[in-house]
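Examination of the molecular architecture
So the chains spell out like this:
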Amino acid sequence: MPIPVIDSVLAICVVALMTWFTRSAPYLLFGGEKELPGTVRYLGTVLPASIMVILVGYCLRDIDLTAFPFGLAEILSVAVVIVLQWFGKNTILSILLGTACYMILLRTVFPA
Amino acid sequence: MKTLLYALKQILPVFFTYVFVGIAFGILIHEAGYSLPWALAASFFIYAGSMQIVMVPLLITGAPLYMFAVMTFFINARHIFYGLGFIEKFQKMGWKYPYMVLTLTDEVYSIFCSAEYPESIEEERANFLIALICHIIWVLSTGAGALLGQTLPFDSSGIEFSAVAFFTTVCVNHWRQMGSRIPSLIGVACVLVFSTLLGADRFLLPALITSAILLLFFRPMAGLQTGGIKNADTCD
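Everything numeric in this text was worked out from a predicted model, so none of it was measured.

Digging into the overall build of chain B
Counting its secondary structure elements, chain B contains 14 helices and zero strands. For chain B, the sequential pattern of α-helices and β-strands runs α-α-α-α-α-α-α-α-α-α-α-α-α-α. Taking 2.2 N^0.38 as the reference for a compact globule, 236 residues should give roughly 18 Å; the C-alpha atoms of chain B span a radius of gyration of 19 Å, in line with that estimate. By its C-alpha atoms, chain B is 55 × 50 × 35 Å across when sized along the principal axes. Evaluated residue by residue, chain B yields a buried proportion of 55% over its 236 residues. Accessible surface, chain B as shown: approximately 10,200 Å² in total, 70% of it carbon and sulfur. Side-chain charges in chain B split into 12 positive and 14 negative, and the spacing between the mean points of these groups amounts to 7 Å.

Regarding the overall build of chain A
When helices and strands are counted, chain A shows four helices and zero strands. Mapped from its N terminus to its C terminus, chain A presents α and β elements in the order α-α-α-α. C-alpha atoms of chain A, sized along the principal axes, occupy 50 × 50 × 30 Å. Accessible surface computed for chain A: about 5,700 Å², of which carbon and sulfur atoms make up 73%. For chain A, the distance from the average position of its 6 positive side-chain charges to the average position of its 6 negative side-chain charges is 12 Å.

What about the packing of helix α1 (residues 5-30) of chain A against helix α2 (residues 36-45) of chain B?
Their axes nearest at 9 Å, the elements α1 of chain A and α2 of chain B cross at an angle of 20°. With respect to α2 of chain B, the element α1 of chain A is oriented roughly parallel. Where α1 of chain A crosses over α2 of chain B, the handedness of that crossing is right-handed. Contact residues: Val5, Ser8, Val9, Ile12, Ala16 and Trp20 of chain A in α1 of chain A; Trp38, Ala42 and Phe45 of chain B in α2 of chain B. Across the contact of α1 of chain A with α2 of chain B, the residue classes break down as eight nonpolar, one polar and no charged.

Concerning the packing of aromatic side chains
As enumerated under the stated definition, the model contains 20 aromatic pairs over all chains in all. Judged by centre distance (6.0 Å) and plane angle (70°), the ring pair of tyrosine 27 of chain A and tyrosine 97 of chain B falls under edge-to-face. Separated into two different chains, tyrosine 27 of chain A in helix α1 and tyrosine 97 of chain B in helix α7 (residues 97-102) make up a pair that spans both. Its relative accessible area of 5% is what places tyrosine 27 of chain A among the buried residues. Taking the relative accessible area as the measure of exposure, tyrosine 97 of chain B reaches 21% and is therefore partly exposed. Aromatic rings pair up to connect Tyr27 of chain A together with Tyr82, Phe86, Phe90, Tyr97, Tyr109 and Phe112 of chain B into one cluster.

Here we look at the state of the cysteines
Two cysteines form a disulfide when their sulfur atoms are joined by a covalent bond. Considering all chains together, one arrives at zero disulfides over all chains under this definition. Cysteine cysteine 59 of chain A is unpaired, with the sulfur of cysteine 171 of chain B as its nearest cysteine sulfur at 9.9 Å.

So, the interface of chain B and chain A
Listed per partner, the contact involves 95 residues of chain B and 70 residues of chain A. Buried area between chain B and chain A, summed over both chains or domains, comes out near 7,200 Å², and the portion from carbon and sulfur atoms is 76%. At the surface where chain B touches chain A, the tally comes to two salt bridges. Across the pair arginine 41 of chain A and glutamate 88 of chain B runs a salt bridge whose closest N-O atoms are separated by 3.1 Å. Between chain B and chain A we count 14 residue pairs in polar contact (both at pLDDT 80 or more) in total. The greatest single-element share of the side of chain B that touches chain A, amounting to 15 residues, is contributed by helix α10 (residues 161-177) of chain B. Looking at the side of chain B that touches chain A, its residues break down into 61 nonpolar, 24 polar and 10 charged.

Focus on the confidence of the model for chain B
All names here are of chain B. Residues at a pLDDT of 70 or more form 92% of chain B, whose mean pLDDT is 86. When pLDDT is averaged over each helix and strand of chain B, the minimum, 40, is found for helix α14 (residues 232-235) and the maximum, 95, for α2. Between residues 225-236, whose pLDDT stays under 50, and residues either more than four places distant or in other chains, the model counts 32 contacts.

Looking at the nonpolar core
Core analysis: the largest hydrophobic core is formed by 107 residues, its most contacted members being Met55, Phe90, Leu104, Phe112 and Cys134 of chain B. When residues of this core are assigned to their parent elements, the largest contribution, 12 residues, is made by helix α2 (residues 38-59) of chain A. In this structure, cysteine 134 of chain B is in contact with Ile11, Val14, Tyr18, Tyr47, Val108 and Ile111 of chain B, ignoring residues within four places of it in sequence.

Comments concerning α1 of chain A
Given a rise of 1.5 Å per residue, 26 residues ought to cover 38 Å, and the 38 Å separating the end C-alpha atoms of α1 of chain A matches this to within 8%. Among the residues of α1 of chain A, those classed as buried are Ser8, Ala11, Ile12, Val15, Ala16, Thr19, Thr22, Arg23, Ser24, Ala25, Pro26 and Tyr27 of chain A. In the core, the buried residues of α1 of chain A are packed alongside α2, α3 (49-60), α4 (65-76), α5 (78-82), α6 (87-91) and α7 of chain B.

A look at the packing of α2 of chain B against helix α9 (residues 123-148) of chain B
When two helices pack together, you describe them by how their axes are tilted relative to each other and by the distance separating the axes. Residue and element names in this part refer to chain B. Two elements in contact, α2 and α9, have axes separated by 9 Å at closest approach and are oriented at 155°. Overall, the two elements α2 and α9 adopt an arrangement that is roughly antiparallel. Our pair here, α2 against α9, has a crossing hand that is right-handed. Contacts from Leu36, Ala39, Leu40, Ser43 and Phe44 of α2 reach α9 at His135, Trp138, Val139, Thr142, Gly143, Ala146 and Leu147. Its residues placed into classes, the contact of α2 with α9 shows eight nonpolar, four polar and no charged.

Rules behind the numbers
- Residues numbered from 1 in each chain as written.
- Chains lettered and ligands numbered in written order.
- Predicted model: local features only at pLDDT ≥ 70, side-chain atom pairs only at ≥ 80, totals over all residues.
- Heavy atoms only, no water.
- Helix = DSSP H or I, 4+ residues; strand = E, 2+ residues; numbered from the N terminus.
- Rg over C-alpha atoms; globule rule 2.2 N^0.38 Å.
- Buried < 20%, exposed > 50% of the residue type's maximum accessible area, 1.4 Å probe, protein only.
- Areas by Shrake-Rupley, 256 points an atom, 1.4 Å probe, with all protein chains shown as cover.
- Lys, Arg positive; Asp, Glu negative; His and termini not counted.
- Charge placed at Lys NZ, Arg CZ, Asp CG, Glu CD.
- Axes fitted to C-alpha atoms, helices over the stretch in contact; angles between N-to-C directions.
- Parallel < 35°, antiparallel > 145°, perpendicular 65-115°, else oblique.
- Left-handed = near helix turned anticlockwise from the far one by under 90°.
- Contact = heavy atoms within 4.5 Å.
- Nonpolar A, V, L, I, M, F, W, Y, C, P; charged D, E, K, R; others polar.
- Phe/Tyr/Trp six-rings, centres within 6.5 Å; stacked < 30°, edge-to-face > 60°.
- Disulfide = S-S within 2.5 Å.
- Buried area = accessible area lost by both parts, 1.4 Å probe.
- Salt bridge = Lys/Arg side-chain N within 4 Å of Asp/Glu carboxyl O.
- Polar contact = N/O pair within 3.5 Å; in protein donor to acceptor, adjacent residues only side chain to side chain.
- pLDDT = per-residue confidence, 0-100.
- Core = buried A, V, L, I, M, F, W, Y, C linked by side-chain atoms within 4.5 Å.
- Expected span 1.5 Å × (residues − 1).

Written out as structure tokens, the structure reads:
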């Protein structure tokens, strides 16, 4: 163990408590109200569509578009998933083939 | 039984992500000098993949506690936005309410956002089972990693893409099913603008905040059309 036990315990507690805080924040803010404000209800409905796109962007944040391989493995694989999901509507299949595509590209065309 | 099978089917898209990222964290924290109980406790209490992986180098370098707090806040602040859609839904769940709130990870959130519940399925029970089983898979996977204590016997690099693939399928579903495409387009614009302006590691929070503000600004346009969301009760 790199640091004393008590420091390790405290560190894990801090990370856990802060994670719990971020997850419970919306409930602490709005959970007590009898009727949810219309604005919050509206955001709750539409925000997921924006969030999921941003989350995909966040997952791909480390690709470098200015140098080889220009994130092509990621971009092509995401395109494969989009096409499969658009026409096939089978989530599991889209994920399996998209991931297989990425793993193959990583080993053949764009080795790290 | 039917509900359990339904829950397992919903979990399938994130199963491999959880197993492999979990094993990766287990190996990392084991290599940092922490034994199995530490890995299990961290995964049980924290249950946030990317933050747990970031935590390891902080532990190794003996970073001050406030650093752990600040890093956790900035990496997990996106969760503040996730909860907004589930306030009324989770509140109805009694003793399960706090558990549902604290276990809403990226993956579980995506499952809840894309799930369509057949009439024969009890929605609340299914959601609780999904949250619980995902949590168990995560804890067990990190345990397996800590026990392995070394790299996998086969080359699994790239398997982590399955998370991106799953999130992408949810985006496609939103694009098709939401009455308005404005929310998705706002997401795309925010990613492009803020990742260019602020760089890879700092764009997440500004992008989320701006997308919420823009959605409020476009409410007259987006709001009218979202009356037509196909599976309205899965995400509102």
